[in-house]
Each structure stands twice: as C-alpha cells, then as structure tokens.
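Summary of the model geometry
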Amino acid sequence: MLLALETSCDETSAAVLRDGVILANVVASQVRLHAEYGGVVPELATREHLRNLLPVVHEALDQAGASIGDLTAVAATRGPGLPAALMAGFTSAQALAFARGLPLYGVHHHEAHLYSPWIGGQPPAAQFDQFEPNVSLIVSGGHTMLVHVRGELDHTVIGSTLDDAAGECFDKVSKLLGLPYPGGPLLDRLAAEGNPAAFEFPRPLLAEPNFDFSFSGLKTSVRYFLEKHPDLADDPQALRDLCASVQAAIVEVLVAKTVRAARQLGVKCVTASGGVSCNSGLRRELELRCAKRGLRLRVAEKRLCTDNAAMIGVLAERQIRAGKAPTPFDEETRPGWSLER
Ligand code: KG4
Ligand code: ZN
C-alpha cells in the first residue's frame with residue numbers, strides 16, 4: 001500500500017493506493033485563503049500545508065481503512081513548484097519513510113499530470129491497460145505545455161508557454177474585469193451565456209509552425225480594450241460576451257496546437273489535464289476537433305484535473321513496477337525541475 005503526498009502549490013493532498021486502485025484521495029484546497037490576495041502567497045501556502053498535512057494524511061488513511069503500519073512505500077511531489085511548499089510535503093514524506101524504513105519516491109509534478117487522464121472507473125483506478133501513445137496538454141495556473149507521450153514513462157516536451165500560463169491569463173483577465181480570484185471558473189460560467197464572436201481578440205502564435213504558446217499579449221489586448229470601453233463590464237450581457245470572446249481566443253490556440261501536434265506526430269490519442277482542463281469551452285472544443293480528426297480524447301475527470309496526490313501515487317506505483325530505484329533520503333526537492341531531466 002502506497003501513501004502519496006502533493007504540496008507543490010496551494011492544495012495539500014494525500015492519497016492511498018493499492019495496485020493501481022485509489023483507495024483515498026483527500027484534497028485540502030487553499031483557494032479561499034489566497035483569494036483575498038488575488039493569487040497564491042507562498043509563505044501562507046507553506047504554513048497552511050504544515051497545518052493541513054497531518055489531518056489530510058489521517059483522513060486518507062481512515063478513508064482507505066488503513067493504518068501507517070500497512071504502508072509499503074511513500075511518494076511525494078519533489079518538484080517543480082513553490083520551494084517551501086514542496087519542502088513541507090517532501091520532507092514529511094522523507095521523515096515518515098525514514099522512520100518506518102519504507103522506500104521513498106520523489107515524483108515529478110508535471111509527469112504525474114500526464115497520467116491523470118488514465119485514472120477512471122469506480123473505485124477510481126489507473127487504466128494503463130487502455131494506455132496508448134498520445135499528445136498531452138497540461139494547462140493550469142502555473143504551467144501550459146504540450147508533451148509527446150510515446151509510451152509509459154517515455155515523453156518529450158514539444159512546446160510550452162513563453163510567458164504566462166493559460167490559467168494565469170484566465171485569472172488576470174478576470175481581475176481586469178473585477179471578478180474574484182481565481183477567475184477562471186467564474187469566467188467560464190459567464191462565457192457560457194455570452195457570444196464568443198462578439199469581440200475579436202488575438203490568437204497568439206496560432207499560425208506559428210511550433211507548439212509553443214504565449215498569453216501575455218492577449219491579456220494586454222483585453223486591458224487596452226477595456227481602457228477604450230471603460231463601462232463595458234457594467235453591462236451584464238457585454239461582460240458575458242467579453243468573457244466568451246476571450247475564452248474562445250485562449251481555447252482556439254490550445255486546441256488547434258494540440259490537434260496539429262497529434263496529427264504531425266502521427267498519434268491517435270489526445271489527453272488533457274490541469275485546472276484549466278475543467279474549462280467547459282476547452283472540453284467541448286477538444287471533443288469536437290478530436291472527433292473530426294478521428295482522434296481519441298481522454299480528459300482527466302474534473303476532480304483530478306486540479307492538483308491531487310492520486311496522480312502522484314499512480315505515477316509512483318508505475319515507476320516502482322518498472323523497477324525505478326527509490327529516492328535517497330539525502331536528496332532535496334527540485335523547485336525548477338524540468339520534465340526533460
Ligand atoms: O491545476 P490548478 O488547480 O493549479 C495550478 O495552477 O497548478 O489550476 C488552477 C488554474 C487557475 O488559474 C484557475 O483559474 C484555472 O486553473 N481554472 C479554470 C477553470 N477551472 C480552474 N480556468 C478556466 N476555466 C475553468 N473552468
Ligand atoms: Zn499542477
């Protein structure tokens with residue numbers, strides 16, 4: 001039985017797994033705590049992780065009907081992420097593994113996102129029997145990247161954002177519109193009743209023959225647009241139209257580049273994960289375009305799109321099965337860990 005911890009940003013999460021089955025996946029989100037500051041405050045996040053870690057671990061063990069003595073391995077996110085936040089979870093995992101004489105596995109956060117679309121069913125379990133080579137879109141507040149996943153544990157980053165992440169763009173545009181943090185989910189809800197063709201916003205790097213993204217210019221063009229139309233956000237329908245138009249621009253770039261990558265690389269499957277993959281416009285457009293191109297689509301279940309320890313555990317179990325050596329106890333976290341290393 002494996003205990004996995006995730007504390008790279010603003011969710012404190014613990015999961016208990018046995019042979020690919022997720023017996024528990026408890027997530028304590030700090031979103032409300034950071035809302036009044038309009039973004040994640042690293043110092044507060046770390047303190048909150050330290051406060052939440054033990055209760056979250058106890059809750060996960062309770063839900064799994066297990067005790068510490070049942071564990072055979074411990075895994076934790078080693079990077080990338082907020083340095084002190086990572087340390088809170090990884091050092092706790094090290095201490096537990098050391099004290100119980102268990103092997104410890106330090107897991108790459110983005111690599112774990114790659115496998116979250118392969119978790120499904122009831123009880124939720126890793127469905128690697130269905131695995132096939134894919135192009136994976138990881139989109140969240142901290143990262144936006146396209147990855148060619150050739151096989152299990154075998155992948156190459158083919159593109160990433162040159163500036164802001166897609167979630168950051170959703171959140172910054174929402175802030176310009178006076179919406180509370182994190183604005184992505186709210187902008188999504190407003191966009192659902194708006195006209196995506198009402199206003200024209202740039203589709204950055206859409207025509208470029210690469211798989212990189214850039215979202216800071218889009219945010220700036222919304223700022224200029226609002227300077228020209230200062231009262232627009234006061235009109236509820238105009239606000240909904242604006243949200244729909246911005247969302248359409250972000251979604252179009254994400255989906256077009258993902259589908260293009262799949263076709264160029266000759267893979268038949270597209271996957272998506274990360275907080276922004278909860279976005280209804282993105283999910284709908286991915287479905288439409290993948291169906292049109294004969295691509296199979298697997299988007300992570302909504303509760304597994306955002307950061308969670310289940311995906312960390314699923315990857316750790318896979319690595320253990322593949323014979324990966326445990327992470328030595330004197331190794332540290334890797335806040336800037338690239339997916340290529
Ligand atoms: O994966 P996540 O929980 O945390 C990290 O950033 O690692 O992603 C959070 C991001 C935020 O930027 C949030 O606004 C965005 O995901 N998000 C959404 C939606 N739900 C969450 N963006 C657009 N539409 C949504 N429905
Ligand atoms: Zn993440």
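Residues numbered from 1 in each chain as written. Chains lettered and ligands numbered in written order. Predicted model: local features only at pLDDT ≥ 70, side-chain atom pairs only at ≥ 80, totals over all residues. Heavy atoms only, no water.

**Brief notes about the coordination of the zinc ion (ligand 2)**
The protein atoms donating to the zinc ion (ligand 2) are His-109 (NE2), His-113 (NE2), His-143 (NE2) and Asp-307 (OD), with metal-donor distances spanning 2.2 to 2.8 Å. Classification of the site at the zinc ion (ligand 2) rests on its four donor atoms, whose angles at the metal span 91 to 163 degrees, yielding the label irregular. In primary-sequence terms, the residues that donate to the zinc ion (ligand 2) follow H-x3-H-x29-H-x163-D. On the criterion of sequence distance, the pair formed by His-109 in helix H4 (residues 109-115) and His-143 in the loop between strand S8 (134-139) and strand S9 (144-151) is long-range, its members being 34 residues apart. Residue classification places His-109 among the buried positions, given a relative accessible area of 0%. (Donors = N, O, S within 2.8 Å, 3.2 Å for Na, K, Ca; no water. Tetrahedral: all angles 85-135°; square planar, octahedral: opposite > 155°, others 65-115°. Helix = DSSP H or I, 4+ residues; strand = E, 2+ residues; numbered from the N terminus. Buried < 20%, exposed > 50% of the residue type's maximum accessible area, 1.4 Å probe, protein only.)

**A short note on the packing of helix H5 (residues 166-176) against helix H6 (residues 183-191)**
Interaxial distance between H5 and H6 falls to 8 Å at its minimum, and their mutual angle equals 75 degrees. As the angle between them shows, H5 and H6 are arranged roughly perpendicular. Listed contacts from H6 to Phe-170, Asp-171, Val-173 and Ser-174 of H5 are Gly-183, Gly-184 and Leu-187. By residue class, the composition of the contact of H5 with H6 is three nonpolar, three polar and one charged. (Axes fitted to C-alpha atoms, helices over the stretch in contact; angles between N-to-C directions. Parallel < 35°, antiparallel > 145°, perpendicular 65-115°, else oblique. Contact = heavy atoms within 4.5 Å. Nonpolar A, V, L, I, M, F, W, Y, C, P; charged D, E, K, R; others polar.)

**Some points on the site of ligand 1**
The environment of ligand 1 is formed by 18 residues, the closest being Gly-141, Asp-171, Asp-188, Gly-275 and Asn-279. In this structure, Ser-140 approaches ligand 1 through a side-chain N or O atom, which is 3.5 Å from an oxygen atom. Contact with the protein chains removes 90% of the 550 Å² of surface that ligand 1 exposes when unbound. Every element with two or more residues in the shell around ligand 1 is listed here: H5 and H6. For the shell around ligand 1, a count of residues per class yields five nonpolar, nine polar and four charged. (Near = heavy atom within 4 Å. Polar contact = N/O pair within 3.5 Å; in protein donor to acceptor, adjacent residues only side chain to side chain. Areas by Shrake-Rupley, 256 points an atom, 1.4 Å probe, with all protein chains shown as cover.)

**Points about unusual backbone geometry**
With the exception of glycine, most residues fall at negative phi, and the peptide bonds are largely trans. Of note, the amide linkage connecting Gly-79 to Pro-80 takes the cis form, showing an omega dihedral of -10 degrees. Residue position: Pro-80 is located in the loop between strand S4 (73-79) and helix H3 (83-100). Here Tyr-181 and Pro-182 are connected by a cis peptide whose omega angle stands at -10 degrees. Relative to the assigned elements, Pro-182 resides in the loop between H5 and H6.

**Section: the side chain of Ser-221**
For Ser-221, the position within the fold is in helix H7 (residues 216-228). Among the residues examined, Ser-221 registers a relative accessible area of 19% and is labelled buried. Setting aside chain neighbours within four positions, we find Ser-221 in contact with Phe-201 and Pro-202.

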